[in-house]
Amino acid sequence: MQVKSFEEYQQVYRKSVEQPEQFWEDIANNFLWKKKWDKVLDWNFKEPRIEWFKGAKLNITENCLDRHLEKNGDTPAIIWEPNDPHEDHRILTYQQLHDKVCQFANVLKNNGAKKGDRICIYMPMVPELAIAVLACARIGAIHSVVFGGFSAQSIADRIKDAECNIVITADGSFRGTKEVPLKSIIDDALVQCQSVQKVIVLTRSHTPVSMIKGRDVWWEDEIKKVETQRNMECPAEEMDAEDMLFILYTSGSTGKPKGVVHTCGGYMVYTGYTFSNAFQYQPGEVYFCTADIGWITGHSYIAYGPLTQGATSVMFEGIPTWPNAGRLWDIVEKYKVNILYTAPTAIRSLMSFGDDVVKGKDFSSLTKLGSVGEPLNEEAWHWFDEKIGKGNCPIVDTWWQTETGGFMISPIANVTPLKPGYATLPLPGVQPLLVDENGKEIAGNGVSGNLCIKFPWPGMLRTTYGDHERCRTTYFATYPNLYFTGDGCLRDEDGYYRITGRVDDVLNVSGHRIGTAEVENAINMHSSVVESAVVGYPHDIKGQGVYAFVVCPNLHDDSELTKKDIMMSVSRIIGAIARPDKIQFVSGLPKTRSGKIMRRILRKIAEGDTANLGDTSTLLDPAVVEEIKAGAL
Ligand code: 6R9
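Remember, it's a predicted structure, so these values are computed and weren't measured experimentally.

When you look at the nonpolar core in this model, what are you seeing that I'm missing?
Nonpolar side chains tend to gather and get buried jointly when the protein is soluble and globular. Ranked by internal contacts, the top residues of the largest apolar core, which has 170 residues, are Trp33, Phe53, Phe104 and Tyr304. When residues in this core are grouped by element, the largest group, 10 residues, is from helix H5 (residues 127-139). When residues no more than four places from it in sequence are discounted, the contact partners of Trp33 are Ala28, Phe53, Ala56, Lys57, Leu58, Ala241, Gly265, Met268 and Val269. Core analysis: the second largest hydrophobic core is formed by 29 residues, Phe288, Tyr335, Met351 and Val358 among them.

Which parts of the structure should I look at to understand the packing of aromatic side chains?
Aromatic rings considered in pairs are described by the distance between their centres and by the relative angle of their planes. A full pass over the atoms with the stated rule returns 43 aromatic pairs. Their ring planes at 75° and their centres at 4.9 Å tell us that Phe23 and Trp24 sit as a pair that is edge-to-face. A relative accessible area of 6% means that Phe23 is categorised as buried. On the basis of relative accessibility, which here comes to 1%, the residue Trp24 falls in the buried class. Seen from their ring centres, Phe288 and Phe316 are 6.5 Å apart, and the 80° between their planes marks the pair as edge-to-face. Placement of the pair is Phe288 in strand E16 (residues 286-289) and Phe316 in strand E17 (residues 312-316), with a sequence separation of 28 residues. Summarising the burial analysis for this pair, Phe288 and Phe316 share the class buried. An aromatic cluster of three or more residues is present, and its members are Phe23, Trp24, Trp33, Trp37, Trp52, Phe53, Tyr270 and Tyr273.

When you look at the sheet that holds strand E15 (residues 258-263) in this model, what are you seeing that I'm missing?
Consider a sheet: its strands pair through backbone hydrogen bonds, and that pairing is either parallel or antiparallel. Reading across the sheet, the 8 strands line up as E12-E11-E8-E6-E7-E14-E15-E23 and stay open at both edges, with mixed pairing between neighbours. Either end of the sheet is taken by a strand with one partner, and the two such strands are strand E12 (216-218) and strand E23 (463-464). By the bridge criterion, 3 bridges tie strand E11 (residues 198-202) to E12 in an arrangement that is parallel. Counted as the bridge partner of Val201 is Trp218 from E12. Here helix H4 (residues 94-110) sits on the sheet in contact with strand E6 (118-122), strand E8 (166-170) and E11, set at roughly 150° to E11.

I tried to follow the layout of surface pockets on my own but got confused; where do I start?
Over the atoms, a rolled probe matching the size of one water molecule traces out where space is still vacant. Of the pockets and cavities examined, the second largest pocket occupies roughly 330 Å³. Around the second largest pocket, the lining comprises 16 residues; the ones closest to its centre are Tyr281, Pro283, Thr308, Gln309 and Gly310. Here the lining of the second largest pocket gets 3 residues from one element, more than from any other, and that element is helix H3 (residues 60-72). Per-class residue counts for the lining of the second largest pocket are 3 nonpolar, 12 polar and 1 charged.

What should I look at first to understand the UniProt feature "domain: Acetyl-coenzyme A synthetase N-terminal" (unreviewed entry) in the chain in this one?
The sites that UniProt annotates as "domain: Acetyl-coenzyme A synthetase N-terminal" (unreviewed entry) are residues 9-64. With 43% helix and 25% strand, residues 9-64 has its two end C-alpha atoms placed 27 Å apart.

Explain the UniProt feature "domain: AMP-binding enzyme C-terminal" (unreviewed entry) in the chain to me, please; I cannot follow it from the model alone.
Sites flagged by UniProt as "domain: AMP-binding enzyme C-terminal" (unreviewed entry) map to residues 518-596. Note that residues 518-596 is 28% helix and 29% strand, and that its end C-alpha atoms are spaced 17 Å apart.

Help me understand the domain arrangement of the chain in this model?
The figure often quoted for interface size is the accessible area lost as the parts come together. The domain architecture assigned to the chain consists of domain 1 (92-237) and domain 2 (506-630). Computed over C-alpha atoms only, the centres of domain 1 and domain 2 are separated by 37 Å. Facing the 6 residues of domain 1 at the interface are 7 residues of domain 2. Carbon and sulfur atoms make up 55% of the surface buried where domain 1 meets domain 2, a total of about 430 Å² over both sides. Looking at the side of domain 1 facing domain 2, the largest losses of area belong to Phe147, Phe150 and Ser151, adding up to 58% of the total buried there. For the pair domain 1 and domain 2, the interface holds 0 salt bridges. Taken together, the residues that form the side of domain 1 that touches domain 2 break down as 2 nonpolar, 4 polar and no charged.

Just checking my understanding: could you explain the side chain of Glu518 for this structure?
Within the secondary structure, Glu518 sits in helix H15 (residues 516-524). Despite its burial, Glu518 pairs with no opposite charge, the nearest such side chain being Arg158 at 5.2 Å. Excluding anything up to four places from it in sequence, Glu518 contacts Ser251, Gly255, Pro257 and Ile574.

Just checking my understanding: could you explain the pattern of salt bridges for this structure?
Pairing is possible between side chains of opposite charge, provided their charged atoms come close. Summed over all chains, the structure comprises 42 salt bridges. Arg498 is the salt-bridge partner of Glu378, the closest N and O atoms lying 3.3 Å from each other. Of this pair, Glu378 sits in helix H13 (residues 378-388) while Arg498 sits in strand E25 (residues 497-502), and the two are 120 residues apart along the sequence. Judged by its relative accessible area of 24%, Arg498 falls in the partly exposed class. A salt bridge links Glu560 to Lys563; its shortest N-O distance comes to 3.7 Å. Here Lys563 and Glu560 lie together in helix H16 (residues 559-573), a separation of 3 residues that amounts to about one turn. The exposure class of Lys563 is buried, given its relative accessible area of 15%. Residues joined by salt bridges that share partners form a network here, namely Lys39, Asp42, Glu47, Arg49, Glu51 and Lys54.

Explain empty space enclosed by the protein here, please?
By the definition in use, this model includes 1 cavity of 30 Å³ or more. When its volume is computed, the largest cavity comes out at roughly 40 Å³. In terms of lining, the largest cavity is formed by Val145, Val146, Phe147, Phe150, Arg158, Leu248, Tyr249, Gly294 and Trp295. Classifying every residue of the lining of the largest cavity by side-chain character gives 7 nonpolar, 1 polar and 1 charged.

I would appreciate a short explanation of the site of the ligand in the present structure.
Taken together, 17 residues lie near the ligand, and Asp397, Thr398, Thr402, Asp487 and Arg513 sit nearest. Within the side chain of Arg502, a nitrogen or oxygen atom sits 2.9 Å from an oxygen atom of the ligand. Arg513 is positioned such that a nitrogen or oxygen atom in its side chain is 2.7 Å from an oxygen atom of the ligand. For the ligand, whose free accessible area comes to 530 Å², the fraction covered by protein is 96%. Going through the elements one at a time, helix H10 (296-308) and E25 are the ones with two or more residues in the shell around the ligand.

Rules behind the numbers
- Residues numbered from 1 in each chain as written.
- Predicted model: local features only at pLDDT ≥ 70, side-chain atom pairs only at ≥ 80, totals over all residues.
- Heavy atoms only, no water.
- Core = buried A, V, L, I, M, F, W, Y, C linked by side-chain atoms within 4.5 Å.
- Buried < 20%, exposed > 50% of the residue type's maximum accessible area, 1.4 Å probe, protein only.
- Helix = DSSP H or I, 4+ residues; strand = E, 2+ residues; numbered from the N terminus.
- Contact = heavy atoms within 4.5 Å.
- Phe/Tyr/Trp six-rings, centres within 6.5 Å; stacked < 30°, edge-to-face > 60°.
- Pairing = 2+ DSSP bridges.
- Axes fitted to C-alpha atoms, helices over the stretch in contact; angles between N-to-C directions.
- 1 Å grid on protein atoms, 1.4 Å probe; cavity = no way out; pocket = protein on both sides within 12 Å on 5 of 7 lines; lining within 4 Å.
- Points joined across faces, edges and corners; volume = space filled by probe spheres on them.
- Nonpolar A, V, L, I, M, F, W, Y, C, P; charged D, E, K, R; others polar.
- UniProt positions renumbered as here; feature names shortened; annotations may be inferred.
- Domains from an automatic or database assignment.
- Buried area = accessible area lost by both parts, 1.4 Å probe.
- Salt bridge = Lys/Arg side-chain N within 4 Å of Asp/Glu carboxyl O.
- Lys, Arg positive; Asp, Glu negative; His and termini not counted.
- Near = heavy atom within 4 Å.
- Polar contact = N/O pair within 3.5 Å; in protein donor to acceptor, adjacent residues only side chain to side chain.
- Areas by Shrake-Rupley, 256 points an atom, 1.4 Å probe, with all protein chains shown as cover.

Written as structure tokens, this is what we have:
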């Protein structure tokens, strides 16, 4: 599945465009199927309807686990590094991971889980999180992992939307010096959720928790029950290639987060293929992805992709800056990591601590580096290259999205010539296209526009859970017959792609996608707020910061306290990741005569670029803008 030279890449790429079905069929033949497909692809972007490998039968966990046992049963699948560097690490071989997944799959069955059920997972970054995910897939239940930083309200919204009947959680989690009471947050969420019958609770932090009779059970007790049955086997449920594998919620420009749906066959082929090819993974290499399984990066490139390839993955529970800003480098040294895949925000944050934290660390094991989540700016690119890669490691800057399932535009390590700041070229099977506002293709090189994809790829989303129309309008209706990414993009003279950021009302804060509408809704729930508008502004470390303009007419003296109250509200309603960095109280928002907020102007003010506000002739009340400019933070 790996191309070995740039010439070969160009050949393979051409084939993947001219004969996409033949191309993907050849790739799919590298995986284990219980029955092969009747048809490789059936599609239209109008409805949309996308079906890959229709009629094929498989279970992704047989590809992640069983398939490796005979030859590589003793190969480490997961090396787990705890939050506290003094706590023991854990290693799970493929055989051990297989056995634990089967055991827990039996626990799920004992607790009433069946194929097609939706199961919410809200857990710390411990091996049991990967085990829970794979156990769901083993029995054909659809997992919906919710990142451990989301609030009770956000969890409740997600559980209700998917009508989950089981929740898997832990007593609490450790992140740096913080302890998050996961079970208690789940208890708050479940007050609103009638569909949940069972909560399975892993012991991690030994925080006291309240266990509800008949509903809550301990992970460890349930394992004991199946151990006494000596049950380390659990037959893998036979799944159709187009059966749902998981739902993952992500923010968009409007309304509540939507449940992006991925299916078994195409997602497996796509994540396995892209992992193997882009990182040129070789057996025996140690791979470390610093993401959380709560995000798509963790799903595709900690769990599924690497496991289908029999890779050894480091899984880290903590944060890069605790106990100090050398933590990631210590982990690289400790496990002799060969491939390090991280995010620009982490790189910039560690960069800001100066060279002392990298001095004396042993990076000699590293051969390949990767980045994901937001544009990797040139300064960070060079620092990563020089200080970490010692000028010897290709930087694989992977552009992709929750919706795309896997890498789309990305260098292939040691194959694609690199350019700092560029995601470079589309991987085989990916057909990007730039369009102008009217959807007209912008052909040629040295151009920029909105990034679309014109042909399906196996890892793409199939629907948004429970609301197919929303999937159509969000991704396939802006430009007919194209998948619209929401990103702006430049294609330079060499045909290289550089992603310039979102062109919709989605912020990217430390690599986390946050809808401005969601934050506004949360702010507006505060009792003294009349209305608000949220925009992004450039932030040295986070990439973007959250800037909120808030109308609060009856503000008393203590405006600082009100700011804190508003921040607290956002944390409670969404989660701390969406908390505004700046709040400016204003007497009104700049609006058009038809009542639309002119975000373009607010964005400029937030960026500090007030000299050139562009056309303000449609403003209802220009005086408001002067006031906002004067009070800008
Ligand atoms: C995988 C992931 C998707 C959005 C995407 C884009 C931004 C991701 C990027 C990048 C520039 C990269 N993005 N990778 N921008 N260069 N290498 O992050 O998924 O959380 O859904 O975010 O992130 O704006 O549209 P997700």
